[in-house]
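# Topology and contacts: notes
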Number of protein chains: 2
Amino acid sequence: MIHGAMQDWPLLVWKLIDHAAENHGAREVVSLTCEGVVNRSTWASVRARARRVAAALRAMGIQPGDRVGTLAWNTHRHVESWYGISGMGGVAHTINPRLFEDQIVYIANHAEDRVLFLDLTFVNLVEKLAPRMPTIEHYVLLTDRAHMPATSLKLICYEEWIAAAAPDEPWTELPETAPAGLCYTSGTTGNPKGVEYTHRSNVLHAMAACMTDTFGVGACSTVLPIAPMYHANAWSIPYTTAACGAKLVMGGPHFDAPTLQKLIIDEGVDLALAVPTVWLTMLQHLEKNGGGLGRLRATGVGGSAVPQAMIEAFDQLHNVRVMQLWGMTEMSPLGTVGTPTPEVAALPYEQEMVYRVKQGRPIFGVEMCLKDEAGNRLPRDGKTFGRLMVRGPWIVGRYFKGDGGEVLDAEGWFDTGDIATIDELGYMQIVDRSKDVIKSGGEWISSIDLENVAVGCPGVAEAAVIGLPHPKWDERPLLIIVRKEGSNVTEADIRAYLAGKIARWWMPDAIEFVDEIPHTATGKIKKVALREMFRNYRLPAAA
Amino acid sequence: MIHGAMQDWPLLVWKLIDHAAENHGAREVVSLTCEGVVNRSTWASVRARARRVAAALRAMGIQPGDRVGTLAWNTHRHVESWYGISGMGGVAHTINPRLFEDQIVYIANHAEDRVLFLDLTFVNLVEKLAPRMPTIEHYVLLTDRAHMPATSLKLICYEEWIAAAAPDEPWTELPETAPAGLCYTSGTTGNPKGVEYTHRSNVLHAMAACMTDTFGVGACSTVLPIAPMYHANAWSIPYTTAACGAKLVMGGPHFDAPTLQKLIIDEGVDLALAVPTVWLTMLQHLEKNGGGLGRLRATGVGGSAVPQAMIEAFDQLHNVRVMQLWGMTEMSPLGTVGTPTPEVAALPYEQEMVYRVKQGRPIFGVEMCLKDEAGNRLPRDGKTFGRLMVRGPWIVGRYFKGDGGEVLDAEGWFDTGDIATIDELGYMQIVDRSKDVIKSGGEWISSIDLENVAVGCPGVAEAAVIGLPHPKWDERPLLIIVRKEGSNVTEADIRAYLAGKIARWWMPDAIEFVDEIPHTATGKIKKVALREMFRNYRLPAAA
């Protein structure tokens, strides 16, 4: 095969920050910091300081391919460190500080991090964990001399460290498939697994994120990623805003509604991105206190399904468009975006909503299909449940160090672990996690759909559904209910409520009442714990 | 170097059409055809038919890497052929039918085209040229049986040919650096040189073109590329619209204002792209006949500088935004786009115009700098003239078959052959072609700027400036004037008009009057011919 004659120009992450600094150098990068102030920086300054980070890491003996961890909030210093680490060939390993201590230790050791950048918030935590993280040779505290704390840790002061570094060393030339970042999944079962992003995957993802139907951002945009950098690169916003020269606004350690509202208004944010719980809190705050959301035109909402009521509240009370996003750490993270097609945009509001509650359409670069248990392709009819499979240049090919073995099927598809439908217009909707869906007589019952209906029954505070073994149907649903305070809703009440609202064969075989349903740190129902709780439970034989 | 663990997903052109067919299958592709009808197709149909083209070419014995020529207008059949050719590994070689016959023959032979797809328009031309193009084994006429003409050529009927082809053969798997397309520059000196696009360069360019600040197109857009596919891939619109699922509208052989106006209105076009002369004609037509431009929100204008009066007319009379574009065949073609930065958007109209008449800002993926004759970097101050140098993944690394030898400098920059300025906000402005700029005493005089001022002098119909050798200053300007009919404007009148409007040292050393100035096929002044005409001319010694 003869190769074409275009220039060899590898897709490297530092080309994003170079583009921003050279063409949008004066555009602002604004952060609320851990020291409690607003820091006003620019893309030119972020690049200049990131180059010093790269030089300082080289001077420490860090080599291309080495992992450098961060335990930090969204600030300019975290962005500088990030570009600096991957700009010298290092792998920027963002650690989620909300994990259990044992998990943080496991992850830092598994990654063999040689340096750890940390925010003031985490000094006590790291003081405690340091003896258990032997690969870490240096701790860099993301602050200035005035804020250096008294601690037993041997801390490097970030501002002094970069001030002393060489200012003008060029970035490291690398093949575009070199690793640039590392992020561990917060696996609910087993140890977290690492997803290693490459320069190529991050740059392609940033370009796709800048597309009009994805985030629709450009040089006139002001973007606030509330999603933290340790959640799949803050959904790529620090890359995306550099690629298009947008103004970047970051909240540091602050996630409370009043602070975020003030930041959105003061900085003229027009797009802000966060998980639904952040927006739920914001809506409640706005309802109580008013004040609006300034120039905000859209919220990017991902991480879990967006309730219809939230979409309606933003539309009707705040003239803000909810842009539903779906992705995962393994996907860098973007897979689908809920921007409308012309067919959907032309629908009356109620019918448009049918599509808006779905997770959206795949962006270019993400291939998507549904497969059954045997690996056969399923139709895109909006009804058929199937395993959601994805392929693309920013989707994981194998986990870091090969953990979990082969993760692609024979055709190269990655199994998302989700059960979904895809409709004729290309909108995907998550139905359930594949480990939670109930396989009943060759058909699938969505535990999430059942829960959503059941929770509407008067007197029900919370509902969870798990599948239990059944001699005839393989699995059948058990519905677990937490009653509202003071309610004495009965099994018969709930059955009467469900009848007609669900397919008859979806009717749970049993309903149990409990005082509490266990949750994960991010508020999701802990199905694993529920299954353990009901391990010896026997469904009535009649069904 | 350890490589990261993202999926291996080569950037191949057929993934663009797969994305469109799978996620936007029902979106329309509308063409005016050579047979004089409106053809309504869809992305799903274009993909299905393109796969048949691929199968039919394979059945003919065409191999990956072979060149397949097209002499065709913008229609669905041309787009199908294009995706079909590169989808089986062939190189889609779009030939400009407006070239001189000898150039067409030279190009077809140089490319060693094995097949030629042609439109009805070109049957007579090809009949005449076929004996001189011995590498072409098959001629495919892009029409149906009913429209097959009587001709001595052995023509394959496109519709019958693809109807008989295998429908379901998969696309050819290729490395992303494999060639996908070939386009010759219409070199004003010497033979045309081929620019060979790769799958990678075309896909990256399409992604960049979909960015909000580039074309700003998405699934709700309707785009009309008036720029032909043989002009640098119709500025990538058939790739770009597939990548984002936009509706694609094409005018076939029609370039007249009434037909284009009707098409824009009837199909709801919101972005249309063409060279300035097309828009000039359209503005004149609208002024006379009214009728407006329907939903059109923007015109992409490139190929030569856009006059300020055109920007103002579109703004003020039609509420249509002129989006100035700059690029070249060697750049796939996009380099800069004139979308505003927030600083520019905030300016009063007159001051904003200072930036809007410039050629725009580089998009991500295009690096740009100015160098002097010695190769030193020049400042971005909006004033300093320099050679405009570019780097990026969709910019030529060498010409096809190595013609012209090494074309990159030691740092990998490609010399665009333009002299330009870049200002502090990143806006680039073309000052002149480097071969036309007048090098006077170490300083540069823009022949274009001088011409633009001179043409404003009452009685002047057209003005051209060339540099002539000068014993003291190396070169000095000669101004060549065509008088308006009935005018008897004199040299003294013109000198009086220029005085105060140009730097004193820019004043031409001599002014000559001619009846006619020679032009290229695309309407540009033929400076080469002028220099030949004035080869023995002696400037007065006094200056």
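Here is what the cut-offs are and how they apply
Residues numbered from 1 in each chain as written. Chains lettered and ligands numbered in written order. Predicted model: local features only at pLDDT ≥ 70, side-chain atom pairs only at ≥ 80, totals over all residues. Heavy atoms only, no water. Least-squares fit on C-alpha atoms with pLDDT ≥ 70 in both. Contact = heavy atoms within 4.5 Å. Buried area = accessible area lost by both parts, 1.4 Å probe. Salt bridge = Lys/Arg side-chain N within 4 Å of Asp/Glu carboxyl O. Polar contact = N/O pair within 3.5 Å; in protein donor to acceptor, adjacent residues only side chain to side chain. pLDDT = per-residue confidence, 0-100. Helix = DSSP H or I, 4+ residues; strand = E, 2+ residues; numbered from the N terminus. Buried < 20%, exposed > 50% of the residue type's maximum accessible area, 1.4 Å probe, protein only. Pairing = 2+ DSSP bridges. Right-handed = clockwise from strand over helix to strand, strands pointing away.

Another point: the relation of the copies chain B and chain A. In the superposition of chain B on chain A (RMSD 0.2 Å, axial shift 0.0 Å), the rotation amounts to 180 degrees. The superposition operator between the copies reduces to a two-fold rotation axis. Both copies share a contact surface, since 100% of the interface residues of chain B are interface residues in chain A too.

All right, on to the interface of chain B and chain A then. With 70 residues of chain B in contact, the opposing surface of chain A contributes 70 residues. Between chain B and chain A, a total of about 5,600 Å² is buried, with carbon and sulfur atoms accounting for 60% of that surface. The interface formed by chain B and chain A includes 4 salt bridges. Across the pair B:Glu343 and A:Arg27 runs a salt bridge, and its minimum N-O distance is 2.7 Å. Between the two partners, chain B and chain A, sit 27 residue pairs in polar contact (both at pLDDT 80 or more).

When pLDDT is averaged along chain A, the result is 94, and 98% of the positions lie at 70 or above. Scored by ipTM, the complex comes to 0.92, with pTM at 0.93.

The next subject is the pattern of salt bridges. Should the charged atoms of two oppositely charged side chains come close, the side chains can pair. Residue and element names in this part refer to chain A. Applying the stated criterion across every chain, the model contains 76 salt bridges over all chains. Across the pair Asp18 and Arg47 runs a salt bridge, and its minimum N-O distance is 2.8 Å. Of this pair, Asp18 sits in helix H1 (residues 13-23) while Arg47 sits in helix H2 (residues 43-60); the two residues are 29 residues apart in sequence, bridging distant segments of the chain. For the pair formed by Asp18 and Arg47, the shared burial category is buried. Each of Glu35, Arg49, Arg77, Glu80 and Glu159 takes part in one network of salt bridges that share partners.

Before going further, it helps to spend a moment on the pairing of strand E24 (residues 474-483) of chain A. Residues and elements named next belong to chain A. Among the 10 residues that make up E24, 7 are buried, leaving the element largely enclosed by the rest of the structure. Of the strand pairs in this sheet, strand E23 (residues 460-470) and E24 are connected by 10 bridges, and their pairing is antiparallel. Its bridge partner being in E24, Leu468 is matched across the sheet by Arg476. The turn joining E23 and E24, which pair antiparallel and follow one another in sequence, is formed by 3 residues. Pairing analysis gives 4 bridges linking E24 to strand E25 (residues 510-513), with the strands arranged parallel. Bridging from a neighbouring strand, Leu479 pairs with Ile511 of E25. Handedness of the crossover is the feature at issue here: the chain leaves E24, passes through helix H16 (residues 491-498), returns alongside E25, and the resulting connection is right-handed.

Given 3.6 residues to a turn, an α-helix orients residues that are three or four positions apart in the same direction. Burial analysis of helix H7 (residues 199-209) of chain A places 11 of its 11 residues in the buried class, the great majority of the element. Along H7(A), the residues that are buried comprise A:His199, A:Arg200, A:Ser201, A:Asn202, A:Val203, A:Leu204, A:His205, A:Ala206, A:Met207, A:Ala208 and A:Ala209.

Turning our eyes to something else, we now look at the pairing of strand E14 (residues 321-327) of chain A. Residues and elements named next belong to chain A. Burial analysis of E14 places 5 of its 7 residues in the buried class, which makes it a mostly covered element. Sheet topology places strand E13 (residues 298-301) next to E14; 4 bridges connect them, and they run parallel. Across the sheet, residue Thr299 finds its bridge partner in E14, namely Val322. Where E14 meets strand E15 (residues 334-337), 3 bridges bridge the pair, whose relative direction is antiparallel. Bridge assignment links Leu325 to a residue of E15, and that residue is Val337. The hairpin formed by E14 and E15 contains 6 residues between the paired strands, and Ser332 there has a positive phi angle of roughly 75 degrees.

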